[in-house]
Amino acid sequence: MTRDDFNAFCASLKATSHVVQWGNADVWKVGGKVFAICGWNEGKDAFTFKATDLAYEVLQDQPGIRPAPYLASRGMKWLQVYDERGLSDASLRDHIVTSYEMVVAKLTKKMRAELGL
């Protein structure tokens, strides 16, 4: 997945917003809460997302995937795909959708209603 593909996919999800921060990272949010990040890893794109407990346990040691720098060190279950062999584009999209849904589920009913979710 390219950075442009990542941004187009995240933009296709309902009620998302995009900011560039943290050293030129593309940060995607819903309801003001982060669900996906595309930043750099040694000159290549790296894709970061919130993971379910099971996905975190299964994927964290797979080639091309690691606990997300900074986020995972704070006890959060976020993963980073930093190499092409980490996940297929389809699997990466599925995990981004799951991350999005996890964040939406934590929003207040009022916020979800305001966002039309």
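Residues numbered from 1 in each chain as written. Predicted model: local features only at pLDDT ≥ 70, side-chain atom pairs only at ≥ 80, totals over all residues. Heavy atoms only, no water.

Asker: Run through the pairing of strand 3 (residues 33-41), naming residues and quoting values.
Answerer: Strand direction decides the pairing type here: strand 2 (residues 25-30) and strand 3, joined by 5 bridges, are antiparallel. Considered in strand 3, the bridge of Lys29 is made with Val34. In this structure, the hairpin formed by strand 2 and strand 3 is closed by a connection of 2 residues, where Gly31 is found at a positive phi of approximately 60°. Bridge count for strand 3 against strand 4 (residues 44-50) is 6 bridges, and the pairing is antiparallel. By the bridge assignment, Trp40 is partnered in strand 4 with Asp45. (Pairing = 2+ DSSP bridges. Helix = DSSP H or I, 4+ residues; strand = E, 2+ residues; numbered from the N terminus.)

Asker: So what's going on with the layout of surface pockets? Which residues, and what values?
Answerer: The calculated volume of the largest pocket comes to roughly 400 Å³. Trp22, Ile37, Pro69, Tyr70 and Gln80 are the residues nearest the centre of the largest pocket, which is lined by 15 residues in total. With 5 residues, the top contributor of residues to the lining of the largest pocket is strand 3. Of the residues that constitute the lining of the largest pocket, the class distribution is 9 nonpolar, 5 polar and 1 charged. What lines the second largest pocket is simply Met1, Lys44, Asp45, Phe47, Val81, Tyr82, Asp83, Glu84, Leu87, Asp89 and Leu92. At the level of secondary structure, the elements contributing two or more residues to the lining of the second largest pocket comprise strand 4 and helix 3 (89-106). With 3 residues, strand 4 is the single largest residue contributor to the lining of the second largest pocket. Along the lines of polarity and charge, the residues of the lining of the second largest pocket split into 6 nonpolar, no polar and 5 charged. (1 Å grid on protein atoms, 1.4 Å probe; cavity = no way out; pocket = protein on both sides within 12 Å on 5 of 7 lines; lining within 4 Å. Points joined across faces, edges and corners; volume = space filled by probe spheres on them. Nonpolar A, V, L, I, M, F, W, Y, C, P; charged D, E, K, R; others polar.)

Asker: Just give me the short version of the environment of Met111, but keep the residues and values in it.
Answerer: In this structure, Met111 sits in helix 4 (residues 109-115). Judged by its relative accessible area of 27%, Met111 falls in the partly exposed class. Through-space distance from the C-alpha of Met111 to that of Gly31 is 6.8 Å; in sequence the pair is 80 residues apart. (Buried < 20%, exposed > 50% of the residue type's maximum accessible area, 1.4 Å probe, protein only.)

Asker: Pulling in residues and values, what's your account of the sheet that holds strand 3?
Answerer: Strands sit in the order 1-2-3-4-6-5 across an open sheet of 6 strands; the sheet is antiparallel. Two strands lie at the open edges of the sheet, namely strand 1 (16-21) and strand 5 (65-67), each paired on one side alone. Each neighbouring strand pair of the sheet contributes to a mean axis angle of 25°, computed without reference to strand direction. Looking at chain direction, strand 4 and strand 6 (residues 78-81) are connected through 4 bridges and run antiparallel. What sits directly across from Phe47, in strand 6, is Val81. This element, helix 3, spans strand 1, strand 2, strand 3, strand 4 and strand 6 of the sheet and lies at about 40° to strand 4. (Axes fitted to C-alpha atoms, helices over the stretch in contact; angles between N-to-C directions. Contact = heavy atoms within 4.5 Å.)

Asker: Quick one: what's the story with the side chain of Arg3, residue by residue and with numbers?
Answerer: Among the secondary structure elements, Arg3 is positioned in helix 1 (residues 3-12). Judged by relative accessible area, Arg3 falls into the buried class, the value being 13%. Within polar-contact distance, the side chain of Arg3 engages the backbone oxygen of Cys38 at 3.4 Å. Other than its neighbours up to four places away in sequence, Arg3 contacts Asn24, Ala25, Asp26, Cys38, Gly39, Trp40, Asp45 and Phe47. (Polar contact = N/O pair within 3.5 Å; in protein donor to acceptor, adjacent residues only side chain to side chain.)

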